[in-house]
Amino acid sequence: MTSGAYLSGLFALDGRVAVVTGGSSGIGRAVAGALARVGARVVVVARGEERLVETVEELRGAGCEAAWVSGDLGSRGGVRAVAEAAAGVFGEPDILVNCAGINLRPPLGELGEDVWDATMAVNLEAPFLLGQRFGPGMAERGYGRIIHVTSQQAHRAFVSSGAHGVSKGALESLARSQAEAWSRHGVTCNTLVPGFVMTPLNARLSSDPGRVAALAARTMVGRNGLAEDFAGAAVFLAGPASAYVTGQSVFVDGGFSVH
Ligand SMILES: NC(=O)c1ccc[n+]([C@@H]2O[C@H](COP(=O)([O-])OP(=O)(O)OC[C@H]3O[C@@H](n4cnc5c(N)ncnc54)[C@H](OP(=O)(O)O)[C@@H]3O)[C@@H](O)[C@H]2O)c1
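Residues numbered from 1 in each chain as written. Predicted model: local features only at pLDDT ≥ 70, side-chain atom pairs only at ≥ 80, totals over all residues.

As annotated in an unreviewed UniProt entry, the chain carries the name SDR family oxidoreductase and comes from Streptomyces pyxinicus. We quote the UniProt Sequence similarities (unreviewed entry) comment for the chain here in full: "Belongs to the short-chain dehydrogenases/reductases (SDR) family." (UniProt positions renumbered as here; feature names shortened; annotations may be inferred.)

Here it is in structure tokens:
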């Protein structure tokens, strides 16, 4: 067997369909690009059409099959509409990446029910509902990969974790519940755990060179994360190579969490 064929057997996603929420920016965009480049047909989901179009054009320009669905994951109705629209493009997905997320950071004492509800809706309820919509079908077909993007805040308090940290802690538990339910049927469910990644989500923190340097110093690798750092781990968790990895939290954080 050639090394190319061996690598393909482990990692290629030809013939697979992936839905990536939050796929128009930051980590989700890098993950969508990685899955598409190893052969998956990818549907990226977000609200803003401009960045969706840009992302899909870039992927098509690279010879990939990609499409976008615009929708708001902030309400149950919105999630249902997005799910149907996404499944209508290339068919029912084999891979679901829940990367859309928001991090509103009021001090906990000032955190109102509006922020709590908005955070739980996008960060936790949408992944749950999309899992309910797509997980059973994956199990029936005997192959599926569900990947949630959580946060180090699922494991420790960090820069006003507030509702974001709570939602991500629950999301890690959701991955384990899904793994328990569906792994026997070929559907693995895992989480990617970022540390501090330089994306639009962190625009305020990222624009403060002192904070950026201090955070980089807390990693073992010596720098903050980049969206591209998630590409390899996502390809691994989306493909055949990770068939025996399920219910796990995979930290992609340069050693931040163990320093
Ligand atoms: N960056 C970090 O340091 C860091 C650390 C820990 C965890 N994370 C997690 O990693 C994930 C990705 O973060 P990122 O840094 O890549 O963020 P980002 O660049 O801000 O991207 C967020 C994505 O989610 C989409 N989105 C947000 N709200 C949505 C909604 N209501 N409906 C549909 N789509 C929505 C955004 O598009 P639209 O705005 O156009 O809808 C965008 O595509 C998030 O879940 C975040 O919590 C990031």
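There's more to say after this.
Participant: A description of the overall build of the chain should follow, citing residues and the corresponding values.
Facilitator: Tallying secondary structure elements over the chain gives nine helices and seven strands in all. A compact globule built from 259 residues should have a C-alpha radius of gyration of about 18 Å, and the chain, at 17 Å, falls within 12% of that. Overall size of the chain, expressed as C-alpha extent along the three principal axes, is 50 × 45 × 40 Å. Relative to its 259 residues, the chain shows a buried fraction of 45%. For the chain, contacts bridging at least 24 residues in sequence account for 72% of all contacts bridging at least 6. (Helix = DSSP H or I, 4+ residues; strand = E, 2+ residues; numbered from the N terminus. Rg over C-alpha atoms; globule rule 2.2 N^0.38 Å. Buried ≥ 20, exposed ≤ 12 C-beta atoms within 10 Å, placed from the backbone. Contact = placed C-beta atoms within 7 Å.)

Participant: Quick rundown of the site of the ligand? Include the residues and the values.
Facilitator: Every one of the 28 residues lining the ligand counts as a neighbour, but Gly22, Gly26, Arg47, Gly48 and Gly101 are closest to it. Considering every element that reaches the shell around the ligand, the biggest residue donor is helix α2 (residues 26-37), with three residues. (Near = placed C-beta within 6 Å.)

Participant: Break down the packing of α2 against helix α9 (residues 231-238) for me, with residues and values.
Facilitator: Running from N to C, α2 and α9 cross one another at 55 degrees; their axes reach a closest spacing of 9 Å. Judged on the interaxial angle alone, α9 and α2 are oblique. You can see that α2 and α9 cross each other, and the crossing is right-handed. Touching Ala30, Val31, Ala34 and Leu35 of α2 are Ala231, Ala234, Val235 and Ala238, all from α9. (Axes fitted to C-alpha atoms, helices over the stretch in contact; angles between N-to-C directions. Parallel < 35°, antiparallel > 145°, perpendicular 65-115°, else oblique. Left-handed = near helix turned anticlockwise from the far one by under 90°.)

Participant: Can you explain unusual backbone geometry? Please cite residues and give values.
Facilitator: Note: most residues except glycine have negative phi, and most peptide bonds are trans. The backbone phi angle of Val159 is positive, close to 45 degrees, even though this residue is not glycine. By the secondary structure assignment, Val159 is in the loop between β5 (144-149) and α6 (162-182). With phi around 50 degrees, Ser160 is a residue other than glycine that occupies positive phi space. Here Ser160 shows up in the loop between β5 and α6.

Participant: Tell me what's going on with the environment of Asp94, and back it up with residues and numbers.
Facilitator: By the element assignment, Asp94 lies in the loop between α4 (76-90) and β4 (95-98). Classification of Asp94 by C-beta neighbours within 10 Å gives buried; the count is 24. Separated by 79 residues in the primary sequence, Asp94 and Gly15 have C-alpha atoms spaced 9.4 Å apart.

Participant: Account for the sheet that holds strand β7 (residues 249-252), naming residues and giving values.
Facilitator: Pairing within the open sheet is parallel, and its seven strands lie in the order β3-β2-β1-β4-β5-β6-β7. Of all strands in the sheet, those with a lone pairing partner are β3 (66-70) and β7, marking the two edges. Along the sheet, successive strands turn relative to each other by an average axial angle of 20 degrees, direction set aside. Pairing between β5 and strand β6 (residues 187-194): six bridges, direction parallel. By the bridge assignment, Ile146 is partnered in β6 with Cys189. Helix α3 (residues 49-61) contacts β2 (41-46) and β3 of the sheet and is inclined by roughly 170 degrees relative to β3. Against the sheet, α6 touches β5, β6 and β7, its axis set at about 165 degrees to β6. (Pairing = 2+ DSSP bridges.)

Participant: Could you give me a rundown of the nonpolar core, with the residues and numbers involved?
Facilitator: Grouped burial of nonpolar side chains is what soluble globular proteins tend to show. Of all hydrophobic cores here, the largest spans 65 residues; its most connected members are Val20, Val31, Leu35, Val42, Val44 and Ala234. Val44 has contacts with Val20, Gly23, Ser24, Ala32, Leu52, Thr55, Val56, Ala66 and Trp68, leaving out every residue within four places of it along the chain. (Core = buried A, V, L, I, M, F, W, Y, C linked by C-beta atoms within 7 Å.)

Participant: How would you sum up the pairing of β3? Please name residues and give values.
Facilitator: On a regular strand, each side chain points to the face opposite its neighbour's, so the side chains alternate between the two faces of the sheet. As paired elements, β2 and β3 share five bridges and run parallel to each other. Bridging from a neighbouring strand, Val42 pairs with Ala66 of β3. Since β2 and β3 lie parallel, the crossover through α3 that links them has a hand, and here it is right-handed. (Right-handed = clockwise from strand over helix to strand, strands pointing away.)

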